Amino acid sequence: MKHLKYFVICLLGTLLLPGCYKDLGNYDYDEINRVQFSNFPTEKQYAFKNVDSITVYPKVTRTLAKENLSDYFLKWEAVVKSGSVDGKTTFVLDSNTLNLNYFVRLPEAEYTVYLLVKDNTTQVTWRQGFDLKVTSTTNEGWLILSDVNGFSRLDMVSTSGKEEMMVRDIWADSPLALRKGPRKIAHYLDMNEYSSGAHPVYFVADGGTVKLDPDDFSYDPLNEFMYEFGKWDPDFVPTDLKGNYSNFWRFCVGKNGIYAKNDMTSGSIYGQPLNKIKGENDYFGVAPAIGMTALYYAYEPAVVFYDTTNLRFVQLTSDLQSMRLLTAEEKYFSFQTGRKFVYMTGTLHDNDGMIFAILRDNADKYWMYGMKAGSFSALSQDKDSYFQIEAPDIEKATAFAIHPTSYYLFYVVGNQIHQLDMTSRRHRVLPITFPDGKLKTELSGEKITMIKFNMFILGDASKPVGIKDMQSCLIVGSENETTSGELGGHVRMLSIPTSLDQPAEVYRSYEGFGKVVDVVYRERK
């Protein structure tokens, strides 16, 4: 045992001894060739599909000079930033070329575009990239529907790129341009973009209603509105269409009926008309508007209509199967009003949103009705929003709008816009400051054809950032009185001050349309 101990010690000493000597070996180290890049875009690039080309002239330097780039394999590729597009995550743009000159055919998405440089000797690949957003000119922006000598025209102020761009006469070669009596553009947003009816855009005209292609707003006869109904009434022309973001509810109303469906289920259709109270024998006439909160995340919100036959408010049941009388407490007014319908809209007032309606009595007096409307069919009367509207020339008004968050009523008389503070009851003819600095209280030489507020569903989740602020702008459509029926139409977006002591200002202005009928912002997720 003693001899074994000495043997182990000697063996360890022998093994450790070389570590005490200085390394006198002669070794050759070869420096690896490195590739460096310059002349790449430093900011995100924007490109319209099938319109733009992306051009990059990069500079590539090597730490170890080689004769030429033939010693390298070059490839340009676009990598989807999030998820996949058309089942792919990577798209090859070009190979064996240093300079990129690519006509954009990529699907619409956000990408990182890389130049890959592979050293054929070392098999090491180097890369450098830049950000690219591929979109279409009609991806997102303001849709402007106008009437040109009785026929339909659609233009768009595109916000798809880095700067606004006007896309003119989208239906120039479409049969939709021949539809008479343009009335409305309706745009639905869904919480689930993969639902059966994701992001539909509808065009309503006296000559027929159709769901447009979601990308370029083109026409497909299979998307005629009649195919969404179990039984189609050829005389039905919707006067209002609305949807609920959270529940995928869809509603439409016209002179001859009220219809509803839940679009969560693929192939869902509108059933029988609902403008009839259970237990009553007759269908009632219905006003051309749907009343519901504009708060996008309201779940199973109260949906209110106005019965023009019996002069009363009625409410859709939460199963979308029937109509009922309102059961909310009648603290300040009767839901059986006995007054004629004038106007109704939903807003973002209060915590859960509100419904405002204007009615006219037999003495031609105008009355404001306000109801708080929230989730789970909640509805209650608002004391401060029920009053007689005592404002100049209100009986001559041709268009109305209510601010989405401030208690302001706007109405049009001739070429002037009137403003009423619904809290103080103070009135004024709206003064407007134009880009040239001039202050005006009328659109001289023009006829105002529509006013409205566009309330956003996605808000700042939509691009460009800050677009949500424009829902507080009053949109004013007008046409030159001397060029009626031609391209003398204007769209102005007015920034409304918080005080009636300050003028409104023209925030945006566009022209070159027919008689402006409707303006809607087409949002994207």
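Above this text sits the structure in question.
Below is a summary of the structure that appears in this document. Nothing here was measured: the structure is a model prediction, and the numbers come from that model.

### A look at the sheet that holds strand β20 (residues 312-316)
On the basis of which strands lie adjacent, the open sheet formed by 3 strands has the order β19-β20-β21 and antiparallel pairing. Pairing within the sheet leaves two strands with one partner each, and these edge strands are β19 (304-307) and β21 (323-325). Direction aside, neighbouring strands of the sheet carry axes that sit 45° apart on average. Relative to β20, β19 is paired through 4 bridges, and the arrangement is antiparallel. Following the sheet pairing, Val-304 is matched in β20 by Gln-315.

### Here we look at the pairing of strand β29 (residues 416-421)
With 5 of 6 residues buried, β29 is to be regarded as a mostly interior element. Where strand β28 (residues 408-413) and β29 come together, 6 bridges link them in antiparallel fashion. Across the sheet, residue Val-413 finds its bridge partner in β29, namely Gln-416. Here β28 hands over to β29 after 2 residues, with Gly-414 in that stretch at a positive phi of 65°. With 3 bridges connecting them, β29 and strand β30 (residues 427-429) associate as antiparallel partners. Among the inter-strand pairings, Leu-420 is bridged to a residue of β30, identified as His-427.

### Side note on the side chain of Thr-337
Along the chain, Thr-337 turns up in the loop between β21 and β22 (340-347). Here Thr-337 falls in the buried class, since its relative accessible area comes to 13%. Among the polar contacts listed, one links the side chain of Thr-337 to the side chain of Tyr-306, at a separation of 2.4 Å. Setting aside its immediate chain neighbours within four residues, Thr-337 contacts Tyr-306, Leu-311, Arg-312, Phe-313, Leu-359 and Tyr-369.

### Comments concerning the nonpolar core
For soluble globular proteins, nonpolar side chains are generally found buried alongside one another. Formed by 28 residues in total, the largest nonpolar core has its most connected members in Trp-76, Leu-106 and Tyr-111. For this core, the secondary-structure elements that each account for two or more residues are β1 (35-38), β3 (53-56), β5 (72-80), β6 (90-95), β7 (100-103), β8 (109-119) and β9 (125-135). Non-local contacts of Leu-106, meaning those with residues more than four positions away in its chain, are made with Lys-49, Ala-78, Phe-91, Leu-93, Tyr-111, Leu-132 and Val-134.

### A few points about the sheet that holds strand β37 (residues 515-522)
Taken in spatial order, the 4 strands of this open sheet run β12-β11-β10-β37, and their pairing is antiparallel. Each of the sheet's edge strands pairs with one partner strand only, and the pair in question is β12 (165-167) and β37. Taken pair by pair, the neighbouring strands of this sheet meet at an average axis angle of 20°, ignoring direction. Pairing of strand β10 (residues 141-148) with β37, which is carried by 7 bridges, proceeds in the antiparallel orientation.

### Section: the packing of aromatic side chains
By convention here, two paired aromatic rings are described through the distance between centres and the angle between planes. Applying the stated criterion across every chain, the model contains 33 aromatic pairs. For the ring pair Phe-225 and Trp-232, a centre distance of 6.2 Å and an interplane angle of 80° mean the geometry is edge-to-face. On the accessibility criterion, Trp-232 (26% relative accessible area) is partly exposed. Here Phe-400 and Tyr-411 contribute two aromatic rings whose centre-to-centre distance is 6.4 Å and whose plane-to-plane angle is 35°, an arrangement assigned as tilted. Pair noted here: Phe-400 is in strand β27 (residues 399-402) and Tyr-411 is in strand β28, with a separation of 11 residues, a long-range link. With relative accessibility at 10%, the residue Phe-400 sits in the buried group.

Conventions we followed
Residues numbered from 1 in each chain as written. Predicted model: local features only at pLDDT ≥ 70, side-chain atom pairs only at ≥ 80, totals over all residues. Heavy atoms only, no water. Pairing = 2+ DSSP bridges. Helix = DSSP H or I, 4+ residues; strand = E, 2+ residues; numbered from the N terminus. Axes fitted to C-alpha atoms, helices over the stretch in contact; angles between N-to-C directions. Buried < 20%, exposed > 50% of the residue type's maximum accessible area, 1.4 Å probe, protein only. Polar contact = N/O pair within 3.5 Å; in protein donor to acceptor, adjacent residues only side chain to side chain. Contact = heavy atoms within 4.5 Å. Core = buried A, V, L, I, M, F, W, Y, C linked by side-chain atoms within 4.5 Å. Phe/Tyr/Trp six-rings, centres within 6.5 Å; stacked < 30°, edge-to-face > 60°.

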